[in-house]
Amino acid sequence: QVQLVESGGGLVQPGESLRLSCAASRSIFSFYRMGWYRQAPEKQRELVAAITSGGSTNYADSVKGRFTISRDNAKNTVYLQMNSLKPEDTAVYYCNGQSQFYDYWGQGTQVTVSS
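Remember, it's a predicted structure, so these values are computed and weren't measured experimentally.

1. Some details on empty space enclosed by the protein
Stage number 1. This model, assessed by the stated rule, comprises 1 cavity of 30 Å³ or more.
Stage number 2. Volume-wise, the largest cavity comes out at about 60 Å³.
Stage number 3. What lines the largest cavity is simply Ile28, Phe29, Phe31, Tyr32, Arg33, Met34, Ile51, Thr52, Ser53, Arg71, Asn73 and Val78.
Stage number 4. At the level of secondary structure, the elements contributing two or more residues to the lining of the largest cavity comprise strand 4 (33-39) and strand 5 (46-52).
Stage number 5. Its residues placed into classes, the lining of the largest cavity shows 7 nonpolar, 3 polar and 2 charged.

2. Regarding the nonpolar core
Stage number 1. The biggest cluster of nonpolar side chains holds 29 residues, and the ones touching the most others in it are Met34, Trp36, Leu80, Met82 and Tyr93.
Stage number 2. Contributions of two or more residues to this core are made by strand 3 (18-24), strand 4, strand 5, strand 7 (67-72), strand 8 (77-82), strand 9 (91-98) and strand 11 (109-113).
Stage number 3. Top contributing element to this core by residue count: strand 3, with 4 residues.
Stage number 4. The residues contacting Leu80, other than those within four sequence positions of it, are Leu18, Arg19, Leu20, Trp36, Val48, Ala49, Phe67, Thr68, Ile69 and Tyr93.

3. A look at the pattern of salt bridges
Stage number 1. Going through the model one piece at a time under the given rule, you end up with 4 salt bridges.
Stage number 2. One salt bridge in this structure joins Asp89 and Arg38, with 3.0 Å as the shortest N-O distance. Pair noted here: Asp89 is in the loop between strand 8 and strand 9 and Arg38 is in strand 4, with a separation of 51 residues, a long-range link.
Stage number 3. The salt bridge partner of Arg66 is Asp89, with a shortest N-O separation of 2.8 Å. Of this pair, Arg66 sits in the loop between strand 6 (57-59) and strand 7 while Asp89 is found in the loop between strand 8 and strand 9, placing the two residues 23 residues apart along the sequence. As far as burial versus exposure is concerned, Arg66 and Asp89 are alike and both buried.

About the cut-offs
Residues numbered from 1 in each chain as written. Predicted model: local features only at pLDDT ≥ 70, side-chain atom pairs only at ≥ 80, totals over all residues. Heavy atoms only, no water. 1 Å grid on protein atoms, 1.4 Å probe; cavity = no way out; pocket = protein on both sides within 12 Å on 5 of 7 lines; lining within 4 Å. Points joined across faces, edges and corners; volume = space filled by probe spheres on them. Helix = DSSP H or I, 4+ residues; strand = E, 2+ residues; numbered from the N terminus. Nonpolar A, V, L, I, M, F, W, Y, C, P; charged D, E, K, R; others polar. Core = buried A, V, L, I, M, F, W, Y, C linked by side-chain atoms within 4.5 Å. Buried < 20%, exposed > 50% of the residue type's maximum accessible area, 1.4 Å probe, protein only. Contact = heavy atoms within 4.5 Å. Salt bridge = Lys/Arg side-chain N within 4 Å of Asp/Glu carboxyl O.

As structure tokens, this is what we get:
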């Protein structure tokens, strides 16, 4: 069983920052792509940011310039730095890892942006 464990969520005011972490139980080189998704109440799950095994990244238009995805291979961890947070960023954020035959998901971490 492969485990992905998210952490770092919380309650912040608009304009503040958070950093999410996703710790994997095996080398992240096992995944050809890792990413962060989010799901708000009554909305579909959407891709926020992704990073490939080669280091290429992509972002949802709504977070470009504010969010940054990165990785630390030695720690088997992927990060999502979230700056200039907005109320519409409020959601449960999920870590995802894609291998050749299966997709793995974490349990999610709540991010709430409210004044």
